[in-house]
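Architecture and fold: a report
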Amino acid sequence: MNALPRAARERGVMAGAGERFFAAEPAGSFLRLSFAATADLPDLDEGIRQFGEVTKSA
């Protein structure tokens, strides 16, 4: 797992290195964000805010 998904998980945002989700070798770096675990819009807003903080510090 690379640093960005790890940092996101530390803030409670589920993210994974995207290459696991390709049947063949991906053409670049990808990130997979999961949002299916919540149907609560305030939770989604907070997750987006937290992920934004992660990307600013990466």
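Our subject is the structure listed above.
Residues numbered from 1 in each chain as written. Predicted model: local features only at pLDDT ≥ 70, side-chain atom pairs only at ≥ 80, totals over all residues. Heavy atoms only, no water.

Moving on, we come to the overall build of the chain. Within the chain one finds two helices and two strands. Taken from N to C terminus, the helices and strands of the chain fall in the order α-β-β-α. Considering only C-alpha atoms, the chain reaches an extent of 35 × 25 × 15 Å along its principal axes. Across the 58 residues of the chain, 19% fall into the buried class. Taking contacts inside the chain between residues at least 6 apart in sequence as the whole, the part at least 24 apart equals 33%. Carbon together with sulfur atoms contributes 56% to the accessible area of the chain, which is approximately 4,500 Å² in total. If you average the places of the 7 positive and of the 8 negative side-chain charges in the chain, the two averages end up 4 Å apart. (Helix = DSSP H or I, 4+ residues; strand = E, 2+ residues; numbered from the N terminus. Buried < 20%, exposed > 50% of the residue type's maximum accessible area, 1.4 Å probe, protein only. Contact = heavy atoms within 4.5 Å. Areas by Shrake-Rupley, 256 points an atom, 1.4 Å probe, with all protein chains shown as cover. Lys, Arg positive; Asp, Glu negative; His and termini not counted. Charge placed at Lys NZ, Arg CZ, Asp CG, Glu CD.)

Here the focus is the nonpolar core. If you look at the biggest cluster of nonpolar residues, it comprises five residues: A8, V13, A15, F51 and V54. If sequence neighbours within four positions are ignored, A8 has contacts with V13, A15, F51 and V54. (Core = buried A, V, L, I, M, F, W, Y, C linked by side-chain atoms within 4.5 Å.)

Now for helix α1 (residues 3–10). Along an α-helix, residues three or four apart share an orientation, since each turn contains 3.6 residues. At the N-terminal boundary of α1, the capping side chain belongs to N2, with an oxygen 3.3 Å from the backbone nitrogen of L4. Once α1 ends, the next one or two residues include G12, with phi positive near 85°. (Polar contact = N/O pair within 3.5 Å; in protein donor to acceptor, adjacent residues only side chain to side chain.)

Let's shift gears to the environment of T55. Mapped onto the fold, T55 is located in helix α2 (residues 41–57). For T55, a relative accessible area of 38% puts it in the partly exposed group. Separated by 10 residues in sequence, T55 and D45 have C-alpha atoms that sit 15 Å apart. A distance of 2.9 Å separates a polar atom in the side chain of T55 from the backbone oxygen of G52.

Attention now goes to the packing of α1 against α2. Helix packing geometry: the angle between the two helix axes and the distance between the axes. Two elements in contact, α1 and α2, have axes separated by 9 Å at closest approach and are oriented at 135°. Relative to α2, the element α1 lies oblique. Here the hand of the crossing between α1 and α2 comes out right-handed. Residues L4, A7 and A8 of α1 form the contact with α2, whose participating residues are F51, V54 and T55. (Axes fitted to C-alpha atoms, helices over the stretch in contact; angles between N-to-C directions. Parallel < 35°, antiparallel > 145°, perpendicular 65-115°, else oblique. Left-handed = near helix turned anticlockwise from the far one by under 90°.)

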